[in-house]
Amino acid sequence: MQNAKIALGTWAWGAGAFGGDSVFGLHTDADNLRPVFKAAMEAGLNLWDTATVYGMGESERLLGEFIAGEKRENVSVSTKFTPQIAEMYENSVEKMAQASLKRMNLDYIDIYWIHNPMDVERWTPGLIPLLQSGQVKRVGVSNHNMAEIRRADEILQQAGYRVSAVQNHFSLLYRSSEKAGILDYCQQNGLEFWAYMTLEQGALTGKYSRSNPMPPDSDRGRRYNPLLDKLENLTSAMQKIGEQHGVSCSQIAIAYALAKGTLPIIGATEPRHIAEAAAAAAIKLNAAEIAQLEELAAAAGVDSRGDWEHAME
């Protein structure tokens, strides 16, 4: 898994609360997602990121259905314990993980995350029995700030384990983990930094504008449609830089995240998303291009922090 450059995200897979229908305004099911999974595996993209809360288990169930046709060692699976729904699993990290394993028909999870830092002291120790039993191979923390990352690591160290990765929101529009020193901390201490919302739910793909908005009845439409005008200068520059490299606006957003030393998680709901993600890993942006993009992103003055996130700084 450590050699993967890009992970594929399944937040938009399937219907259900906090899933494809409500968040993204998309309608995805096994029939239209199976070709996506197949294309990814054929392209050598075998690192999949999901969570219990995505579609309230539906994303995991679909992923498990597709994994069943592969050798287990050929697929890497990342899923998450979400404190906000812990009561559904008797407030047990282990029971939520075991439910994920059952939905995906797996006997271990490659990397398991504490999804949100509602109470680091309470939830982090729950990872230890999973590591000890082998049900989980590695653990990480998501949406945690520097103090919370350090504290989670201290708790795990008492049992002989470590935080191996951090998964936070990171994109051209939202660089708080970089400004807070979390990216540097990860690179200096051998932790992977997984960047989610690298494409800002489609706002940085160049696809959407005032005349072609996101689905207005989706969470992302309500969040991003009012901001699209402010992003025009940035996405126009991304498209121009993309033309020079022979790639798309989306691929420039991915290449930017890679240039920053992150492992971007790219939402995959169509086979073309796989082809774009695979090709993006080869794009090398130069320092002038990165500086231009960062300047235009800052000038847009857009705050894309999610409702579930707290400040990193």
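Note that the coordinates shown come from a computational prediction; the quantities given were computed from them, not determined experimentally.

*Asks:* Help me out: how do you make sense of the layout of surface pockets in this one?
*Replies:* There is about 670 Å³ of room inside the largest pocket. If you trace the largest pocket, you find 32 residues lining it, with Leu 199, Gln 201, Gly 202, Gly 267 and His 273 closest to the centre. At 4 residues, helix H13 (residues 271–280) tops the list of elements feeding residues into the lining of the largest pocket. Of the residues in the lining of the largest pocket, the class split is 14 nonpolar, 12 polar and 6 charged.

*Asks:* What am I meant to see in the pairing of strand E3 (residues 76–81) here?
*Replies:* In summary, the side chains of a regular strand alternate between the two faces of the sheet. Buried residues dominate E3, accounting for 6 of its 6 residues. Here strand E2 (residues 47–49) pairs with E3 via 3 bridges, running parallel. Bridge pairing in E3 places Leu 47 opposite Ser 76. A crossover connection joins E2 to the parallel E3 through helix H3 (residues 58–67); in handedness this β-α-β unit is right-handed.

*Asks:* Where do I start with the sheet that holds strand E4 (residues 109–114) in this structure?
*Replies:* One closed barrel accounts for 8 strands, arranged E1-E2-E3-E4-E5-E6-E7-E8; its pairing is parallel. Taken over all neighbouring pairs, the strand axes of this sheet differ in orientation by 30 degrees on average, direction set aside. With 3 bridges connecting them, strand E1 (residues 7–9) and strand E8 (residues 263–267) associate as parallel partners. Of the residues in E8, the one forming a bridge with Leu 8 is Ile 266. Against the sheet, helix H9 (residues 182–189) touches strand E6 (165–169) and strand E7 (192–196), its axis set at about 145 degrees to E7.

Reading guide: rules and limits
Here the residue numbers are simple positions, counted from 1 along each chain's written sequence. Totals for whole chains, interfaces and linings use all residues, but because this is a predicted model, local features are given only for residues with pLDDT of at least 70 and pairs of side-chain atoms are given and counted only at 80 or more. Hydrogen atoms and water are omitted, and side-chain values are computed over all heavy atoms in the structure. Cavities and pockets are defined on a 1 Å grid built over the protein atoms alone: a cavity is a set of grid points where a 1.4 Å probe fits but cannot escape, while a pocket is an open set with protein on both sides within 12 Å along at least five of seven lines, and lining residues are those with an atom within 4 Å of any such point. Grid points are joined across faces, edges and corners, and a volume is the space filled by probe spheres set on the points. Secondary structure counts use DSSP, requiring at least four H or I residues in a row for a helix and at least two E residues in a row for a strand, with both numbered from the N terminus. Gly is placed with the polar residues, together with every amino acid not listed as nonpolar (Ala, Val, Leu, Ile, Met, Phe, Trp, Tyr, Cys and Pro) or charged (Asp, Glu, Lys and Arg). The rule is simple: take the accessible area with a 1.4 Å probe, protein chains only, and divide by the maximum for that residue type; under 20% is buried, over 50% is exposed, in between is partly exposed. We call two strands paired when DSSP finds no fewer than two bridges between them. Handedness of a crossover is defined as follows: orient the strands so they point away from the viewer, and if the path from the first strand over the helix to the second runs clockwise, the crossover is right-handed. Angles here are taken between N-to-C directions and fall from 0 to 180 degrees, while the axes themselves are lines fitted to C-alpha atoms, restricted in helices to the stretch in contact. In what follows, a contact means two residues having at least one pair of non-hydrogen atoms within 4.5 Å.

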